[in-house]
Structure formats: structure tokens, C-alpha cells
Amino acid sequence: AQKVTQAQTEISVVEKEDVTLDCVYETRDTTYYLFWYKQPPSGELVFLIRRNSFDEQNEISGRYSWNFQKSTSSFNFTITASQVVDSAVYFCALKGHIFGTGTRLKVLA
Amino acid sequence: ETGVTQSPTHLIKTRGQQVTLRCSSQSGHNTVSWYQQALGQGPQFIFQYYREEENGRGNFPPRFSGLQFPNYSSELNVNALELDDSALYLCASSLGGPIQETQYFGPGTRLLVL
């Protein structure tokens, strides 16, 4: 079976703290893509990153960074110096259409 | 904004009725996927259309059906509505069909079944 597990249901941090959102996936495919999406209160999912399973280099985009470890089937997402505007539900997805249950991030001022 | 639009934004129906939801894909995109997102859950894949053909389907009964038109817009039809069909329905467009391309989501349609 293919699935994505986001064990953290909700995380609360104070503004400027760093926070890591965990994502663990299961698949027998050797090639696949992993994604992260952000869902603000408005409901529309916003694309953050797409990563090929062959590329295990970590990626950084501004305050966002991603750590992909194929050996542990994990694709974790870190927000550095969090801001109130980062408050949202974050979803990890496997192959584009298999989503985890999401992690609600609350950043307090 | 992604350029993906959905209508209507909200809808209230009663059990047993039928509903049609609409989606216009982003310009140039030939693939549309539909998802159901229940409150507090992740999106669940319903099906995908690529160049007017169904290209994959999740674990949803046949009363969930769809269409894709030559301009790549799409409809989701749900017959014999049940209370559990109450959810946010998301449409996403992408370019490339079965390839795991990035999807761009619309704002969704909130369906309430009474």
C-alpha cells in the first residue's frame, strides 16, 4: 500500500522560532515525486515544492528548507524564523495524489 | 492565484439529490484532478482526466463521475448524495497527464448535504 503519514496533528510555536514538520511515506515504486502544499484558512492549496526521488539533495528556498532521506522514507519540511503568516495546514503528498492528513501550524505573535 | 476557478463556491443539497461541480483549468493545462477533503482530513483523490479521458481513479463509488471538455475544463457529478458527501471539493490542473506534475489547485466548492 502507498501512504503518507504526518504524525504531528498540530504544532504551536512562537514567532521567530524554527519548526520542522515531519512526513513519512510508503511506496514500493523506485521512482516517484514528493510534494508539500500549504492550505491557509481560505482553503486553496498552495504548491511549495516538488522533489524527485532520485534527488536527495536538501533544498532551501528563503525561510523554507526540505530534508529528503530515501533511506528512512522521510521528507521533512523546516520553516526558519517562523512568522504569523505561516499559520496554515501543511500537507505532504506522494506522487501528487496521495496526501497525508496534514499538520496544522499555529504561529503565535 | 493559480488561475484555476471552481463554481459554485458553496452549495447546499439534500440527501438523494444530484450535484454538478465545475472547474476551469489553468491556461495550457490538459489534466484535471478532483479531490474530496472532509473536515480535518487530507484531500482524497477521486479521479483524474487527461485529454478528455479518465486517467486514474481513487476509491470512490461509481456515483462519482466526471467529464473533461475539449477546452480542458471539467465537471464532477455526484448522484444520490449522502450525508458523508459533505466536504470541500478541490479541483487541480496540471500539464502532463500521468506524469507526476505539479498540480495547481482551485479555491474549492464547499458542499453541504442535509
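Given the structure is predicted, the values throughout are model-derived calculations rather than measurements.

Student: Can you break down the overall build of chain B residue by residue, with the values?
Tutor: Secondary structure assignment for chain B yields zero helices and 11 strands. Counting from the amino terminus, helix and strand elements in chain B follow one another as β-β-β-β-β-β-β-β-β-β-β. Here the C-alpha atoms of chain B give a radius of gyration of 13 Å, agreeing with the 13 Å that 2.2 N^0.38 yields for 114 residues. Taken along its principal axes, the extent of the C-alpha atoms in chain B is 35 × 30 × 25 Å. Looking at the 114 residues of chain B, the share that counts as buried comes to 49%. Across chain B, the centroid of the 7 positively charged side chains sits 7 Å from that of the 9 negatively charged ones.

Student: Lay out the sheet that holds strand S3 (residues 19–24) of chain B in plain terms, naming residues and giving numbers.
Tutor: Residue and element names in this part refer to chain B. Strand order in the open sheet made by the four strands is S1-S3-S8-S7, with antiparallel pairing throughout. Since the sheet does not close on itself, it has two edges, and those belong to strand S1 (5–7) and strand S7 (64–68), each with one partner. Adjacent strand axes in the sheet meet at a mean angle of 20° when their direction is disregarded. Direction of pairing for S1 relative to S3: antiparallel, over a ladder of three bridges. Among the inter-strand pairings, Gln6 is bridged to a residue of S3, identified as Cys23.

Student: Account for the pattern of salt bridges, with residues named and values stated.
Tutor: Residue and element names in this part refer to chain A. In this structure the tally under the stated criterion is 10 salt bridges over all chains. Arg63 serves as the salt-bridge partner of Asp86, at 2.8 Å between the closest nitrogen and oxygen. Of this pair, Asp86 sits in the loop between strand S9 (74–79) and strand S10 (88–94) while Arg63 sits in the loop between strand S7 (59–61) and strand S8 (64–69); the two residues are 23 residues apart in sequence, bridging distant segments of the chain. Overall, Asp86 belongs to the buried group, its relative accessible area being 1%.

Student: With reference to specific residues and values, describe the interface of chain B and chain A.
Tutor: Listed per partner, the contact involves 17 residues of chain B and 19 residues of chain A. When chain B packs against chain A, the two sides together hide about 1,500 Å² of surface, and 52% of this comes from carbon and sulfur. Joining chain B to chain A, the criterion identifies one salt bridge. Its salt-bridge partner being Arg50(A), residue Glu101(B) comes within 3.9 Å of it at the nearest N-O pair. Taken together, chain B and chain A are joined by six residue pairs in polar contact (both at pLDDT 80 or more). Taken together, the elements giving at least two residues each to the side of chain B that touches chain A come down to strand S4 (31–37) and strand S9 (87–94) of chain B. In terms of residue class, the side of chain B that touches chain A is made up of seven nonpolar, nine polar and one charged.

Student: Mind laying out the nonpolar core, listing which residues take part and the relevant values?
Tutor: The nonpolar side chains of soluble globular proteins are, as a tendency, buried together. If you look at the biggest cluster of nonpolar residues, it comprises 25 residues, and the most contacted ones within it are Trp36(A), Trp66(A), Phe77(A), Tyr90(A) and Leu105(A). Per element, the largest residue contribution to this core is four residues, and it comes from S10(A). Residue contacts for Trp66(A): discarding those within four places in its chain leaves Trp36(A), Leu48(A), Ile49(A), Asn58(A), Glu59(A), Ser61(A), Phe75(A), Asn76(A) and Phe77(A). Core analysis: the second largest hydrophobic core is formed by 19 residues, Phe47(B), Phe60(B), Leu76(B) and Ala87(B) among them.

Scoring rules and cut-offs
- Residues numbered from 1 in each chain as written.
- Chains lettered and ligands numbered in written order.
- Predicted model: local features only at pLDDT ≥ 70, side-chain atom pairs only at ≥ 80, totals over all residues.
- Heavy atoms only, no water.
- Helix = DSSP H or I, 4+ residues; strand = E, 2+ residues; numbered from the N terminus.
- Rg over C-alpha atoms; globule rule 2.2 N^0.38 Å.
- Buried < 20%, exposed > 50% of the residue type's maximum accessible area, 1.4 Å probe, protein only.
- Lys, Arg positive; Asp, Glu negative; His and termini not counted.
- Charge placed at Lys NZ, Arg CZ, Asp CG, Glu CD.
- Pairing = 2+ DSSP bridges.
- Axes fitted to C-alpha atoms, helices over the stretch in contact; angles between N-to-C directions.
- Salt bridge = Lys/Arg side-chain N within 4 Å of Asp/Glu carboxyl O.
- Contact = heavy atoms within 4.5 Å.
- Buried area = accessible area lost by both parts, 1.4 Å probe.
- Polar contact = N/O pair within 3.5 Å; in protein donor to acceptor, adjacent residues only side chain to side chain.
- Nonpolar A, V, L, I, M, F, W, Y, C, P; charged D, E, K, R; others polar.
- Core = buried A, V, L, I, M, F, W, Y, C linked by side-chain atoms within 4.5 Å.

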